[in-house]
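A structural walkthrough
Chain by chain, the residues run as shown.
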Amino acid sequence: MAATKDEFFNPIKLSARDKAAATDHTARSIISAEATQREKKTEKLRQLRLEREAAEPAPAPAPAPARAKGRKAPADH
């Protein structure tokens, strides 16, 4: 079985509008698929973060820093 150019090349020439529509459709489907993957990944990471935070004990509040009782006079140079 010999390969002919008709098997590899489309003998019908597409119009510019048809090419643009096909490109637009393909680009939109790729963008949609990437957005779906990104949303799934974000949800998975959010769930893992919430599980990790639930497993860890709440951190104790840090004690307030001690304040100086009086101000010192500025040193003269």
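To keep things clear, this report deals only with the structure shown in the data block. Worth saying up front: this structure is predicted, and the values here are computed from it rather than measured.

1. Remarks on the overall build of the chain
A tally of helices and strands in the chain yields 2 helices and 0 strands. Here the chain, with 77 residues, has 0% of them falling under the buried criterion. Approximately 8300 Å² of the chain is accessible, and the part contributed by carbon and sulfur atoms is 58%.

2. A short note on the pattern of salt bridges
The final tally for this structure, using the stated rule, is 3 salt bridges. Measuring nitrogen to oxygen at the nearest pair gives 3.1 Å for the salt bridge that ties Glu43 to Arg46. Residue Glu43 and its partner Arg46 are both found in helix H2 (residues 16–55); the two are separated by 3 residues, about one turn of the helix. The partly exposed category is assigned to Glu43, whose relative accessible area is 40%.

Here is what the cut-offs are and how they apply
Residues numbered from 1 in each chain as written. Predicted model: local features only at pLDDT ≥ 70, side-chain atom pairs only at ≥ 80, totals over all residues. Heavy atoms only, no water. Helix = DSSP H or I, 4+ residues; strand = E, 2+ residues; numbered from the N terminus. Buried < 20%, exposed > 50% of the residue type's maximum accessible area, 1.4 Å probe, protein only. Areas by Shrake-Rupley, 256 points an atom, 1.4 Å probe, with all protein chains shown as cover. Salt bridge = Lys/Arg side-chain N within 4 Å of Asp/Glu carboxyl O.

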